[in-house]
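# Examining the three-dimensional arrangement
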Amino acid sequence: MAVDPQRLAAKLFEFVQINEEGYAIFDADDHLLYCNRAYAQILGFDADMLIGRTFLDIISLCYNSGKGFKTDAEDLDVLLARVSMQWRSNNYRLFEMQTNDERWFLFSEIKNEHGEVLIQTKQVTEQKVLEQKLLESRDNLRQLALTDELTGVANRRCFVESVEAELHRCRRHNYQVAYMILDLDHFKGINDSFGHQAGDLVLQHVAKLVKKMLRDYDIFGRIGGEEFAVFLGQTQMEEVLIVAERIREAIADNPMCHKGMCIMLTTSIGITLCNSAEHAYLDLYSQADQALYQAKANGRNLCQFYPGHEI
């Protein structure tokens, strides 16, 4: 059966006109020759308002009216300069854009040998929402893997990895660093006297207190049952003394109330202060742990330096 090219072209044009996907054709001089209703609606105008305008004129129209696509450009000139660099940069280009009404579209841009450009758009909002949910789930799982579930601070794995990374940076500059281990005194007695729920609340209470005493770039984590650890990079003896004593005093001065009972708390702190170039993580942990043991032996509720210098 013979095919009438004109009838076929008319039928194709009819389908393009009613298609939910957007179509637009720009001539070699960047004037819009044609767009279907779907493309015009994406930009927020009637097709008659757009046809005959240049590509950059349409961008300006959308920007000044607050319609069309989202942009982080500070002003129109910045936006036009950015768009000009991308427009017609390849014979075929694929990219995504978000409209001001929160819809997402996938664009394909095809340039022929005459310099004419065909743009096709397809809405991908559902896919982008699903993608965002998957990314959020991935981030949440990663956060769970690195966070102590009870206290919300870094768990042992995250703390060790963070300290090792910071140690690597400090070694390049030969910085002095400090590592301290905090162990709650008589914590088993708290569990025995008040119950394990109270013990969990105590750990949460202490974690919040310690976080308030630290700078944003100090590293803090829970490394054991009632043991927490703090790493201070690029520090000096006087600074370590201030931080350690501030933590010890905050815990001693802020008992936790539970079911009408006041639970008094103290902590022993073992500290090592050393040159980052000479020690690995395990060295720091071992020295701080030995200092902690000495603090316990000396009566608890005090800070002790390795190898035995009491504050």
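Placed above this text is the structure.
None of these values were measured; they are calculated from a predicted model.

## Re the layout of surface pockets
When its volume is computed, the largest pocket comes out at roughly 570 Å³. If you go around the largest pocket, you meet 26 residues; those closest to its centre are Ile59, Phe69, Leu79, Val83 and Met97. Secondary-structure elements contributing two or more residues to the lining of the largest pocket are helix H2 (37–43), helix H4 (55–65), helix H5 (76–86), strand E3 (92–98) and strand E4 (104–111). Per-element accounting of the lining of the largest pocket gives the leading share, five residues, to H4. Across the lining of the largest pocket, the residue classes tally to 15 nonpolar, four polar and seven charged.

## As for H4
For H4, the full list of buried residues reads Phe55, Ile58, Ile59, Ser60, Leu61 and Cys62. Where H4 is buried, its residues meet strand E1 (22–26), strand E2 (32–35), H2, helix H3 (47–50) and H5. Of the residues trailing H4, Gly66 is marked for its positive phi of about 75°.

## Observations concerning helix H11 (residues 281–297)
Its 17 residues place the ends of H11 24 Å apart at the C-alpha level, agreeing with the 24 Å of an ideal helix rising 1.5 Å per residue. Of all the positions in H11, only Tyr281, Leu284, Tyr285, Gln287, Ala288, Ala291, Leu292, Ala295 and Lys296 are classed as buried. For H11, the elements touching its buried residues are helix H7 (156–173), strand E6 (176–184), strand E8 (227–232), strand E11 (267–275) and strand E12 (303–305). Immediately downstream of H11, the backbone of Gly299 shows phi near 120°, a positive value.

## Regarding the pattern of salt bridges
Under the defined criterion, the tally for this structure stands at 17 salt bridges. In this structure, Lys70 engages Glu102 in a salt bridge whose closest nitrogen and oxygen atoms are separated by 2.8 Å. On the criterion of sequence distance, the pair formed by Lys70 in the loop between H4 and H5 and Glu102 in the loop between E3 and E4 is long-range, its members being 32 residues apart. By relative accessible area, Glu102 is classed as partly exposed at 43%. Taken together, the shared-partner salt bridges connect Glu96, Lys128 and Glu131 into one network.

## Here we look at the nonpolar core
Ranked by size, the top nonpolar core spans 32 residues in total, and within it Met180, Val202, Val210, Val230 and Ile247 carry the most contacts. Contributing elements (two or more residues each) for this core: E6, helix H8 (187–194), helix H9 (196–213), E8, helix H10 (237–253), E11 and E12. For this core, the element with the highest residue contribution is H9, accounting for seven residues. Ignoring anything within four residues of it in the chain, the contact list for Val230 reads Phe159, Ala178, Tyr179, Met180, Leu182, Val210, Leu214, Ile219, Phe220 and Ile247. By size, the runner-up hydrophobic cluster in this structure holds 26 residues, among which are Ile59, Cys62, Leu80 and Phe107.

Cut-offs and rules
Residues numbered from 1 in each chain as written. Predicted model: local features only at pLDDT ≥ 70, side-chain atom pairs only at ≥ 80, totals over all residues. Heavy atoms only, no water. 1 Å grid on protein atoms, 1.4 Å probe; cavity = no way out; pocket = protein on both sides within 12 Å on 5 of 7 lines; lining within 4 Å. Points joined across faces, edges and corners; volume = space filled by probe spheres on them. Helix = DSSP H or I, 4+ residues; strand = E, 2+ residues; numbered from the N terminus. Nonpolar A, V, L, I, M, F, W, Y, C, P; charged D, E, K, R; others polar. Buried < 20%, exposed > 50% of the residue type's maximum accessible area, 1.4 Å probe, protein only. Contact = heavy atoms within 4.5 Å. Expected span 1.5 Å × (residues − 1). Salt bridge = Lys/Arg side-chain N within 4 Å of Asp/Glu carboxyl O. Core = buried A, V, L, I, M, F, W, Y, C linked by side-chain atoms within 4.5 Å.

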